[in-house]
Amino acid sequence: MSERKVLNKYYPPDFDPSKIPKLKLPKDRQYVVRLMAPFNMRCKTCGEYIYKGKKFNARKETVQNEVYLGLPIFRFYIKCTRCLAEITFKTDPENTDYTMEHGATRNFQAEKLLEEEEKRVQKEREDEELNNPMKVLENRTKDSKLEMEVLENLQELKDLNQRQAHVDFEAMLRQHRLSEEERRRQQQEEDEQETAALLEEARKRRLLEDSDSEDEAAPSPLQPALRPNPTAILDEAPKPKRKVEVWEQSIGSLGNRPPLSRLVVVKKAKADPDCSNGQPQAAPTPGAPPNRKEANPTPLTPGASSLSQLGAYLDSDDSNGSN
């Protein structure tokens, strides 16, 4: 078996190309090709617009008995995208375009119509000049006259543009210098206004601070004493009682003098201990217990604290018990 990708193939000595059978195909055979719509068109059946560049799977065939300068003309069959109606168009090699045949109408194209009109006028003029020499001279005179008018109009436009486009560089520089000075002056005025505004704001703030300090330093005016209202005690709410702790129940409060002061009686010093109210004091009976008031010769000053008085009282009890 020979290779697929080779440049030279083997032909046997008895090879006869005329013996190879030829495939007979019809001349109007159709091929399925992929193409795009060459122009804008509108379907005659449903009125659907088909725009240029829309892709179709078309059938292609060669038009019989139609040839332009040896070039065959092809016909294409497509279907409407909405109603599936058949639309046909063929090539136009003479105008390098396509011609609509059946099923749709080509949309209006102003550029193509203008080109066709220019070609028609040019062809008619050439036909007239071909058989009429006077027409040729007349057309040349018209063309030269039209050309001179065009040149005159062009020259007028150039002169007008030159007059309007005359530039005075000195005036431009002067205007630029004036604008720069005006801009600097305006900038300086804005800076001065801003500085004055800042100074005014600072002065107001300083005055406000000074006024606040003077108000704080000034003594407050004496308010008149309020007269007690006789019925104010009725309007007052009752005060809640303070809870008494356990240690306060045993020894009393440390800060309150009255509860502990009742436990100790201060002994008053007498000028003459032997006689009281002019009568001599009786001698103590032997064997009798001594009096507590006599056993405690240390007097307690009224200014001593409650705890010191309580300690002195307990010391006196201990001394009496030991005796």
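Residues numbered from 1 in each chain as written. Predicted model: local features only at pLDDT ≥ 70, side-chain atom pairs only at ≥ 80, totals over all residues. Heavy atoms only, no water.

Focus on the overall build of the protein chain
Argument step 1. When you go through the protein chain residue by residue, the secondary structure sums to eight helices and ten strands.
Argument step 2. Going through the 323 residues of the protein chain one by one, you find that 13% of them count as buried.
Argument step 3. A total of about 29,100 Å² of accessible surface is found on the protein chain, and carbon and sulfur atoms cover 55% of it. (Helix = DSSP H or I, 4+ residues; strand = E, 2+ residues; numbered from the N terminus. Buried < 20%, exposed > 50% of the residue type's maximum accessible area, 1.4 Å probe, protein only. Areas by Shrake-Rupley, 256 points an atom, 1.4 Å probe, with all protein chains shown as cover.)

Considering the pattern of salt bridges
Argument step 1. As enumerated under the stated definition, the model contains 17 salt bridges in all.
Argument step 2. Between Glu86 and Arg59 there is a salt bridge, with the nearest N and O atoms lying 2.5 Å from each other. Pair noted here: Glu86 is in strand S6 (residues 86–92) and Arg59 is in strand S4 (residues 55–68), with a separation of 27 residues, a long-range link.
Argument step 3. Take Glu86: its relative accessible area is 37%, and that puts it in the partly exposed class.
Argument step 4. For Glu180, the salt bridge identified is with Arg183, shortest N-O distance 2.9 Å. Of this pair, Glu180 and Arg183 both sit in helix H3 (residues 169–217), three residues apart, which is roughly one turn of the helix. (Salt bridge = Lys/Arg side-chain N within 4 Å of Asp/Glu carboxyl O.)

What about the nonpolar core?
Argument step 1. Formed by 16 residues in total, the largest nonpolar core has its most connected members in Leu35, Met41, Ile50, Ile78, Ile87, Phe89 and Met100.
Argument step 2. Excluding its chain neighbours within four sequence positions, the residues that come into contact with Ile87 are Met41, Ile50, Phe76, Tyr77, Ile78, Cys80, Met100, His102, Gly103 and Ala104. (Core = buried A, V, L, I, M, F, W, Y, C linked by side-chain atoms within 4.5 Å. Contact = heavy atoms within 4.5 Å.)

Some points on the state of the cysteines
Argument step 1. This structure, assessed with the given rule, holds zero disulfides.
Argument step 2. Distance from the sulfur of Cys43, which forms no disulfide, to the nearest cysteine sulfur (Cys83) is 3.7 Å.
Argument step 3. For Cys43, a relative accessible area of 3% translates into the label buried.
Argument step 4. Here Cys83 stays free of any disulfide, with the sulfur of Cys46 as its closest cysteine sulfur at 3.5 Å. (Disulfide = S-S within 2.5 Å.)

Quick word on the sheet that holds strand S2 (residues 41–43)
Argument step 1. As summarised here, the arrangement of the three strands in space is S3-S2-S8, forming an open sheet in which the pairing is antiparallel. Every interior strand has two partners, whereas the edge strands, strand S3 (49–50) and strand S8 (104–106), have only one.
Argument step 2. Here S2 runs beside S8; their pairing, made up of three bridges, is antiparallel. For Arg42, the partnering residue across the bridge sits in S8 and is Thr105. (Pairing = 2+ DSSP bridges.)

Quick look at the UniProt feature "coiled-coil region" (unreviewed entry) in the protein chain
Argument step 1. Within this numbering scheme, the UniProt entry marks residues 107–154 and 178–205 as carrying the feature "coiled-coil region" (unreviewed entry).
Argument step 2. End-to-end, the C-alpha atoms of residues 178–205 are 41 Å apart, and along that stretch the chain is 100% helix and 0% strand. (UniProt positions renumbered as here; feature names shortened; annotations may be inferred.)

Comments concerning the pairing of S6
Argument step 1. By the criterion of burial, S6 is predominantly enclosed, with six of the seven residues buried.
Argument step 2. Note that strand S5 (residues 71–79) and S6 share five bridges and pair antiparallel. Within S6, the residue paired with Arg75 across the bridge is Lys90.
Argument step 3. Connecting S5 to the antiparallel partner S6 that follows it, the hairpin turn spans six residues, and Leu84 within it adopts a positive phi of roughly 60°.
Argument step 4. In the sheet, S6 pairs with strand S7 (residues 97–102) via five bridges, with the strands oriented antiparallel. Directly across from Thr88, in S7, lies its bridge partner His102.
Argument step 5. In sequence, S6 turns back onto S7 through a hairpin of four residues, with Thr96 there showing a positive phi of about 50°.

Notes on helix H2 (residues 133–164)
Argument step 1. Here H2 contains 32 residues, and its C-alpha end-to-end distance of 47 Å stays within 8% of the 46 Å for a straight helix at 1.5 Å per residue.
Argument step 2. Put simply, Asn132 is the residue that caps the front of H2, since its side-chain oxygen is 3.3 Å from the backbone nitrogen of Met134. (Expected span 1.5 Å × (residues − 1). Polar contact = N/O pair within 3.5 Å; in protein donor to acceptor, adjacent residues only side chain to side chain.)

A short note on the packing of helix H1 (residues 110–131) against H2
Argument step 1. Running from N to C, H1 and H2 point in directions that differ by 130°, and their axes come no closer than 5 Å. By the criterion of interaxial angle, the relationship of H1 to H2 is oblique. Taking contact as the criterion, the partners of Arg125, Glu128, Glu129 and Asn131 in H1 are, on H2, Pro133, Lys135, Val136, Asn139 and Asp143. (Axes fitted to C-alpha atoms, helices over the stretch in contact; angles between N-to-C directions. Parallel < 35°, antiparallel > 145°, perpendicular 65-115°, else oblique.)

As for the side chain of Thr91
Argument step 1. Note on placement: Thr91 falls in strand S6.
Argument step 2. If sequence neighbours within four positions are ignored, Thr91 has contacts with Ile73, Phe74, Phe76, Asp97 and Tyr98.

Quick look at unusual backbone geometry
Leaving glycine aside, a negative phi is the common case for residues, and trans is the common case for peptide bonds.
Argument step 1. Not every positive phi belongs to a glycine, and Leu84 is a case in point at roughly 60°.
Argument step 2. Mapped onto the elements of the fold, Leu84 is located in the loop between S5 and S6.
Argument step 3. Classification of Leu84 as exposed rests on a relative accessible area of 60%.
Argument step 4. Positive phi values are uncommon outside glycine, yet Thr96 reaches one of about 50°.
Argument step 5. Tracing the sequence through the fold places Thr96 in the loop between S6 and S7.
Argument step 6. Thr96 gets classed as exposed once you look at its relative accessible area, which sits at 73%.

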